Amino acid sequence: ADAGAAGMQVGPFELIEPLGRGGMGSVWRARYADGRLKRDVAVKLPAATGDATALAMLRERFDRERDFLAQLEHPNIARLYDAGVSDSGQPFLAMEYVAGRVINEHCDAEQLNVKARLRLFLQVLDAVAHAHQQLVLHRDLKAGNVLVDEHGQARLLDFGVARLLPRVDGGAAPSELTERAGAAFTLGHAAPEQLTHSALSTATDVYALGVMLYHLLTGLSPYQPARDTRGALEDAVLLATPEAASSRLFDPGALEARQTNAAGLCKELRGDLDVVLGKALKKNPAERYASAAALADDLRRHLAQQPIAARGDSWWYQTRLFVARNRVTVIGAGLASAALLVSTGTAVMQSRVSSQSAARAIKESARANAAQKFFVGLLSNADPEKNQQAGAADRQIADRALATAEREFADSPETLALVLKQLGEIYYRLGSRQSHLEVQKRRVALLAQLPGTPVDDVVESHMALGKALGKSERIDERAVAAARLIAAHELAMSLHASEPLVVQTLSEVADQYVAESKYEDADRYAALALARAQASLRSPHPTLAWVYEQKGITASRLGHFDEARESFRKAMAIDSTGQGRGKVDQLNGQAHLANLDYLTGNYMASKNEALMAIAFARQNLGELDGTLTPMRIRAVLASERAGELDAAWALVTELMGTDLASTDAVRSGRAYFVKGVVALSRNDFAVAAEAFGVAEPRLQADPRGLRSLMAQQAILALKTGQSNGVYERLEPVLNGIRRETGTRSEEFSKVATPAAVALARTQRLDRARSLFAEACEWPRATLNMKHPNRVRCEANIVLASSELTASQQRTALTSLLRDLTQGRDDRVALAAALSAAIRGLDRQSGSPNFAANFSYLD
């Protein structure tokens, strides 16, 4: 029975008219009864029933839908405005009211052609991908649950039968994660596993999306059962292979609604779209697209006339698509036959203006033909975005590709510039910093010699060079990186480059200032980039994701951790739509969250996030060689800080073998530094000293890494009772940090702490107290009282105080220990060090004794 009536008040809303009814309830157009907002809403009510058990189940379903909708923030998902129970006990959900038509009806009424229908369907895929990112499985995707408003924006509705997916850590989420499929689905869109009561996954939603897309493109169901019965349809879903869309007999009305004829629609569907639909509708979930985002990726490739992932990457297939993408150029130059031999397509770009340039293009096509398989296959294999096994051997392949390109395209600078751009990206992803830099230098010089180069290409090359300089192994090259990036931004402004590129140049300046520890400058440029992006770019947009991420980085460095976390989440939300950045950049987003949790003292969470990022990379990108080094380091050090010393040592062995063996001096130096830190925490002093000794000469090109190493060497000396000379070795380091960043920085605090302990142990108490106070400036300005680094600095000030008795120190340290351990789920090493300091004070009375054993708090 209907639980609502026109004029009835439900919570703060007055019902106006029914929008739809079903067995489980009704949806009403409503508005706020007090008139405070003129906005219409859609109020969803469960069906009225006298059965207490049935009502309880309906209320539970409404509660579940409320919880799901509350975590879904996406422009293509109807928003949740309110939820609750009315005075009469009536549960309700108030959602965004979408004045629109069901997606199929909209497409037919507007007579959208196949490409327009695909572009609209991509909005649906982005919405589902976002839900999957939030671990929500819809389970009832169908055209009736997608409305299109007057602006052509799709809205996904009705999460009433949704379920949570398993968490990424493999644990069980609430709400019966291993639930088998029941009757809560629409038969015509149900996947085989729903009919057989098997486990569900994101591939279940992909199947329903495949059914929806099949109907959207053809006007037909994928199945044609001989009998119009439920049993016959179930048999078809379970047993029949859907007929290829291009081979169906189309209704004349459907053809008219798609502005085509039967031959034209068959031609559009034949090939890629048949393959995409076939993969989405596979009986075995493992054979379908793994996610809505993967399905969206292939549709975008098809629209861009690029090879889809679901098909083989044969040379002929890629070549045919190249010709389709460049039809005007190819035909205009009379080079169709030559272009078929050149899937890279770079040589034929010379054919634009005259018979002379056409002749030159033919000559270059002959050259490119000889190297075609080399570049297409080899560069693809060397690129970790395309090949999960890309590694050291592929750097050698890329090196050979560079030499071949320089030789083969010496008289075709436009072609060479394109190859250099691709090679630069590959070197960057492989972590080959100096090779990346040399390629960018060569590319900038080459483009400078080419009149008529597109503005964005010129600006992008200068920006790429600035970025590469910032990651150089040479100090003098890193020193000019910020200036080069600022110049790239000014060039973008003066040449009126595209808006995303202008925004990106600002963001890259911010990123370089972060690398130089100039956080205030970084935050200023990040804020400029974000303001410009929000004003000029519509979400989702990959550049907007970049800018949110950069703002998160600068915020975290300034201690604005909540702002940083929110910015990172926004960047990852854009990426989850499938219209954001690539897999490498998604990996970086996960890495930033791991780093943020480390900064905020959530070491176990940081370790787990780092390990998940590594697993993500292995699954989607391969090892990425040096690019994964920071995440391996983060996993190890987070485990060490959490007090899991045996586990941290095991991770050194398990994760860091390639880093320790790397021929890149800085990379291997950092790996040996990490090995030494873990050994030091385990009191394996000989191993720590050896590791630090190997790291020191290798970190000469990494000033910040060298400073961190010197601080750890000082701690090693303090732990082994060698306090003399420690402060003197650290004093010039501290003075350098003071000049560069001031005393209110994390780096200063880390180096100042062992230096101050050394001063206390050598009876220079006034200087020790002063330095402890300086070391505490950053933690006090940035960290809460439970953070280990804040607790450590406060404890050192207590221990160094000349005004507190031993009893008062003991009381203060006990309070700090309680703050540190309350609510923590790890065995943070500092807790043991504080306990030892308290036991030492138990043996003292009156004024504390500043002897040579002044506590070093690990």
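S.K.: Break down the overall build of the protein for me, citing the residues and quoting the values.
M.R.: What the protein contains, in helices and strands, is 39 helices and 11 strands. Among the 858 residues that make up the protein, the fraction classed as buried is 52%. Across the protein, the fraction of contacts at a sequence separation of at least 24, relative to all contacts at a separation of at least 6, is 62%. On the protein, roughly 36700 Å² of surface is accessible, and the fraction owed to carbon and sulfur atoms is 51%.

S.K.: Describe in detail the pattern of salt bridges, supporting the description with residues and values.
M.R.: Summed over the entire model, instances satisfying the criterion amount to 42 salt bridges. Of the charged contacts in the structure, one is a salt bridge between D126 and R300, with a shortest N-O distance of 3.1 Å. Of this pair, D126 sits in helix α3 (residues 114–133) while R300 sits in helix α10 (residues 292–303), placing them 174 residues apart in sequence. Linked by salt bridges that have partners in common, E438, K441, R474, D476 and E477 make up one network.

S.K.: Please set out the nonpolar core residue by residue, giving values where relevant.
M.R.: Ranked by internal contacts, the top residues of the largest apolar core, which has 86 residues, are M631, F673, F692, L771, L813, L834 and L857. Top element by residues in this core is helix α34 (residues 746–761). It accounts for nine residues. Contact partners of M631, with chain neighbours within four places excluded, come to A591, A594, N595, A610, A613 and I614. Among the nonpolar cores identified, the runner-up in size contains 57 residues, and V114, L195, L209 and L213 belong to it.

S.K.: Provide a residue-level description of the packing of aromatic side chains, including the pertinent values.
M.R.: Summed over the entire model, instances satisfying the criterion amount to four aromatic pairs. Their ring planes at 40 degrees and their centres at 5.9 Å tell us that Y513 and Y525 sit as a pair that is tilted. With a gap of 12 residues between them, Y513 in helix α21 (residues 499–515) and Y525 in helix α22 (residues 519–536) connect regions that are remote in the sequence. The exposure classification of Y513 matches that of Y525, with both residues buried. Taking NZ or CZ as reference, K279 lies 5.4 Å from the ring centre of Y289, over its face.

S.K.: Describe the environment of S807, with residues and values.
M.R.: Tracing the chain through its elements places S807 in helix α38 (residues 806–821). Put simply, S807 and I838 are 31 residues apart on the chain and 9.6 Å apart in space, counted from C-alpha to C-alpha.

S.K.: Can you tell me about the packing of helix α35 (residues 765–775) against helix α37 (residues 788–800), naming the residues and giving the values?
M.R.: Put simply, α35 and α37 touch, their axes get as near as 9 Å, and they point 160 degrees apart. One element, α35, and the other, α37, form an angle in the roughly antiparallel class. Handedness of the crossing formed by α35 with α37: left-handed. Only N796, I797 and A800 of α37 make contact with α35, whose side of the interface consists of R769, F772 and A773. Split by residue class, the contact of α35 with α37 holds four nonpolar, one polar and one charged.

S.K.: Tell me what's going on with the packing of helix α33 (residues 726–741) against α34, and back it up with residues and numbers.
M.R.: Relative orientation of the contacting elements α33 and α34 amounts to 150 degrees, with a least axis distance of 9 Å. With respect to each other, α33 and α34 are oriented roughly antiparallel. Judged by the sense of rotation from one axis to the other, the crossing of α33 with α34 is left-handed. Where α33 abuts α34, its residues V726, Y727, L730, V733, L734, I737 and R738 lie against E747, F748, V751, A752, P754, A755, A758 and L759.

S.K.: Residues and numbers for the state of the cysteines, please.
M.R.: Scanning the model with the defined rule gives one disulfide in all. Through a disulfide, C776 is tied to C793; the S-S separation comes to 2.0 Å. One disulfide, between C776 and C793, carries an S-S torsion of 50 degrees and so falls in the right-handed class. Residue C776 is located in the loop between α35 and α36 (777–782), and its partner C793 is located in helix α37; the two are separated by 17 residues in the primary sequence. On the basis of relative accessibility, which here comes to 6%, the residue C793 falls in the buried class.

S.K.: Run through the pairing of strand β9 (residues 146–149), naming residues and quoting values.
M.R.: A two-sided burial pattern is seen for β9, the buried positions comprising V146 and V148 on one face and L147 and D149 on the other. Here three bridges tie strand β7 (residues 100–102) to β9, and the two strands are oriented antiparallel to one another. Counterpart to R101 in the pairing with β9 is V148. Alignment of β9 against strand β10 (residues 154–156), held across three bridges, turns out to be antiparallel. Following the sheet pairing, V148 is matched in β10 by A154. Turn length for the β9-β10 hairpin, with the two strands adjacent in sequence and antiparallel, is four residues, and the turn residue G152 shows positive phi of about 80 degrees.

S.K.: Outline helix α18 (residues 455–470), supporting the account with residue identities and numerical values.
M.R.: Residues spaced three or four apart along an α-helix face the same direction, because each turn holds 3.6 residues. Given a rise of 1.5 Å per residue, 16 residues ought to cover 22 Å, and the 23 Å separating the end C-alpha atoms of α18 matches this to within 8%. Those residues of α18 that fall on the buried side of the exposure criterion are V459, E460, S461, M463, A464, L465, G466, A468, L469 and G470.

S.K.: For the side chain of T782, give the residues involved together with the corresponding values.
M.R.: Residue placement: T782 occurs in helix α36. In contact with T782, not counting residues within four places along its chain, are G559 and F561.

S.K.: Break down unusual backbone geometry for me, citing the residues and quoting the values.
M.R.: With an omega of 0 degrees, the peptide bond between S539 and P540 qualifies as cis. You can see P540 is positioned in the loop between α22 and α23 (542–557). Despite not being glycine, H496 has its phi angle at roughly 60 degrees, a positive value. Of note, the phi angle at N683 is positive, near 65 degrees, even though the residue is not glycine. Mapped onto the elements, N683 comes out in the loop between α30 (665–681) and α31 (685–698).

S.K.: Break down the sheet that holds β9 for me, citing the residues and quoting the values.
M.R.: Taken in spatial order, the three strands line up as β7-β9-β10 in an open sheet, and their pairing is antiparallel. The open sheet is flanked by β7 and β10, the only strands paired with a single partner. Along the sheet, successive strands turn relative to each other by an average axial angle of 35 degrees, direction set aside. In the packing of α3 onto the sheet, the strands contacted are β9 and β10, and the crossing angle to β10 comes to about 30 degrees.

S.K.: So what about the pairing of strand β6 (residues 91–96)? Which residues, and what values?
M.R.: Burial within β6 is extensive, with six of its six residues counted as buried. Relative to β6, strand β4 (residues 40–46) runs antiparallel, the two being bridged by four bridges. Across the sheet, K44 pairs through a bridge with L93, a residue of β6. Here strand β5 (residues 80–85) runs beside β6; their pairing, made up of five bridges, is antiparallel. Of the residues in β6, the one forming a bridge with G84 is F92.

S.K.: Describe α21, listing the residues and the values that go with them.
M.R.: The terminal C-alpha atoms of α21, which comprises 17 residues, lie 25 Å apart, in line with the 24 Å expected from a rise of 1.5 Å per residue. With 13 of its 17 residues buried, α21 lies for the most part within the structure. Phi for S517, located one or two positions after α21, is positive at around 65 degrees.

S.K.: Help me get a handle on the environment of S770, residues and values and all.
M.R.: By the element assignment, S770 lies in helix α35. When the C-alpha atoms of S770 and A800 are compared, they prove to be 9.7 Å apart, with 30 residues separating the residues in sequence.

Parameters at a glance
- Counting starts from 1 at the beginning of each chain's written sequence and moves along it residue by residue.
- For this predicted model, a pLDDT threshold of at least 70 governs which residues receive local features, and a threshold of 80 or more governs which side-chain atom pairs are given and counted, while totals over whole chains, interfaces and linings are taken from all residues.
- To obtain the side-chain values, all non-hydrogen atoms of the structure were included, while hydrogens and water were left out.
- For the purposes of this entry, the term helix denotes a DSSP run of H or I that reaches at least four residues, the term strand denotes a run of E that reaches at least two, and both are numbered from the N terminus.
- Only protein chains enter the accessibility calculation, which uses a 1.4 Å probe; a residue is then buried when its area is under 20% of its type maximum, exposed when over 50%, and partly exposed in between.
- Contact between two residues is taken to exist if any of their heavy atoms lie within 4.5 Å; hydrogens are not considered.
- The Shrake-Rupley method, run with a 1.4 Å probe, gives the accessible areas here. Residue values count only the displayed protein chains as cover.
- Any carboxyl oxygen of Asp or Glu within 4 Å of a side-chain nitrogen of Lys or Arg constitutes a salt bridge here.
- Take the buried residues of types Ala, Val, Leu, Ile, Met, Phe, Trp, Tyr and Cys, join any two whose side-chain atoms come within 4.5 Å, and each joined set is a nonpolar core.
- Here a pair means two rings of Phe, Tyr or Trp (six-membered ring of Trp) with centres within 6.5 Å. Their orientation is stacked below 30 degrees between planes, edge-to-face above 60, and tilted elsewhere.
- When the NZ atom of lysine or the CZ atom of arginine is within 6 Å of a ring's centre and also within 35 degrees of its normal, the charge is said to sit over that ring.
- Angles run from 0 to 180 degrees between N-to-C directions of axes, and those axes are lines fitted to C-alpha atoms, restricted for helices to the stretch in contact.
- Relative orientations are named as follows: roughly parallel for angles under 35 degrees, roughly antiparallel for angles over 145 degrees, roughly perpendicular for angles from 65 to 115 degrees, and oblique for any other angle.
- Helix crossings fall into two classes, left-handed where the near helix is turned counterclockwise from the far one by less than a right angle and right-handed where it is turned clockwise.
- Lys, Arg, Asp and Glu make up the charged group, whereas Ala, Val, Leu, Ile, Met, Phe, Trp, Tyr, Cys and Pro make up the nonpolar group; the residues left over, Gly among them, are polar.
- In what follows, a disulfide is any cysteine sulfur pair within 2.5 Å.
- Think of it this way: DSSP has to see at least two bridges between two strands before they count as a pair.
- To estimate how far a helix should extend, the number of its residues minus one is multiplied by 1.5 Å.

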